[in-house]
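# Residue-level structure breakdown
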Amino acid sequence: AQSVTQLDSHVSVSEGTPVLLRCNYSSSYSPSLFWYVQHPNKGLQLLLKYTSAATLVKGINGFEAEFKKSETSFHLTKPSAHMSDAAEYFCVVSVLSGGSYIPTFGRGTSLIVHP
Amino acid sequence: GAGVSQSPSNKVTEKGKDVELRCDPISGHTALYWYRQSLGQGLEFLIYFQGNSAPDKSGLPSDRFSAERTGGSVSTLTIQRTQQEDSAVYLCASSPPGLAGSTDTQYFGPGTRLTVL
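A few points on the structure. This is a predicted model, so every value here is computed, not measured.

### Some thoughts on the pattern of salt bridges
Residue and element names in this part refer to chain A. Going through the model one piece at a time under the given rule, you end up with six salt bridges over all chains. Where D8 meets R22, a salt bridge forms, and the shortest distance between an N and an O atom there is 3.0 Å. Taken together, the positions of D8 in the loop between β1 (2-6) and β2 (10-14) and R22 in the loop between β3 (19-21) and β4 (23-27) put the pair 14 residues apart, joining distant regions of the chain. E64 is paired through a salt bridge with K58; the nearest N and O atoms lie 2.8 Å apart. A residue is classified by how much of its surface remains accessible, and E64, at 23% relative accessible area, is partly exposed.

### What about the packing of aromatic side chains?
Within a pair of aromatic rings, the relevant descriptors are the distance that separates the centres and the angle that separates the planes. Residue and element names in this part refer to chain A. Across all of its chains, the model carries 14 aromatic pairs over all chains by this definition. With 5.5 Å between their ring centres and 45° between their planes, F63 and Y89 make a pair best called tilted. Of this pair, F63 sits in the loop between β7 (56-58) and β8 (64-68) while Y89 sits in strand β10 (residues 87-97), and the two are 26 residues apart along the sequence. Judged by relative accessible area, F63 falls into the buried class, the value being 2%.

### As for the environment of A:F90
Looking at the element boundaries, A:F90 is found in strand β10. When the C-alpha atoms of A:F90 and A:Y36 are compared, they prove to be 5.1 Å apart, with 54 residues separating the residues in sequence.

Calculation criteria
- Residue positions within a chain follow its written sequence, with the count starting from 1.
- For naming, the first written chain is A and the first written ligand is 1, with later ones following in the order written.
- Only residues with pLDDT of at least 70 are given local features in this predicted model, and only at 80 or more are side-chain atom pairs given and counted; all residues enter the totals for whole chains, interfaces and linings.
- Here the side-chain values reflect all heavy atoms present in the structure, with hydrogen atoms and water set aside.
- Think of a salt bridge as a Lys or Arg side-chain nitrogen and an Asp or Glu carboxyl oxygen that are within 4 Å of each other.
- The helix count covers DSSP runs of H or I at least four residues long, the strand count covers runs of E at least two residues long, and both are numbered beginning at the N terminus.
- Type-normalised accessible area, obtained with a 1.4 Å probe on protein chains alone, sets the label of each residue: buried when under 20%, exposed when over 50%, and partly exposed for intermediate values.
- In this analysis, rings of Phe, Tyr and Trp, with Trp reduced to its six-membered ring, are considered paired at centre separations within 6.5 Å, and the interplanar angle assigns stacked below 30 degrees, edge-to-face beyond 60, and tilted for intermediate values.

In structure tokens form, the structure reads like this:
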């Protein structure tokens, strides 16, 4: 079985300050991990993904995430927030089970960026 | 190129009626997923199609929900005898073929907002 926990339902930052969105997962096997972003009234878009290569993954728009197996974490970070980063962010774990790859989504973290 | 499209974008129906939601995946994508997103919730997996294999229906919440995929392309999600708790945004996603399916990026459609009165 697999599960993913996004530790914060809302994160509020000021423009220009760092962003940290936390994600912990549980999986019986080596997982693939993803972060997706959903802007208001827009579809979900892939930010980045980890697939057992480098543990530090760089994504679009300056975001990056580090896979830490010992901590079962895959936190999303960005050095400096921009107003356009305000959106809903989803952490996703995907593991082969019964011949299918069924992604499990976290409940989402709403990022609020203040001017 | 064209992305994943879904229709209708909005659907309002009365309790007890049947509804059909359509998904057109990206051409050549072999995997297709349906999800449900309720207000303030994450995405709930419903059903997964991969090529010509039998679909994984493990996420369907009741036997009122069914889906089919014709010719390995277009998919229709059908909800029979709709209930108010079925109100949600229904999202479709497709992925390209690959040996390591779990690493494939999902490309999402804009969703269908279903409101059951």
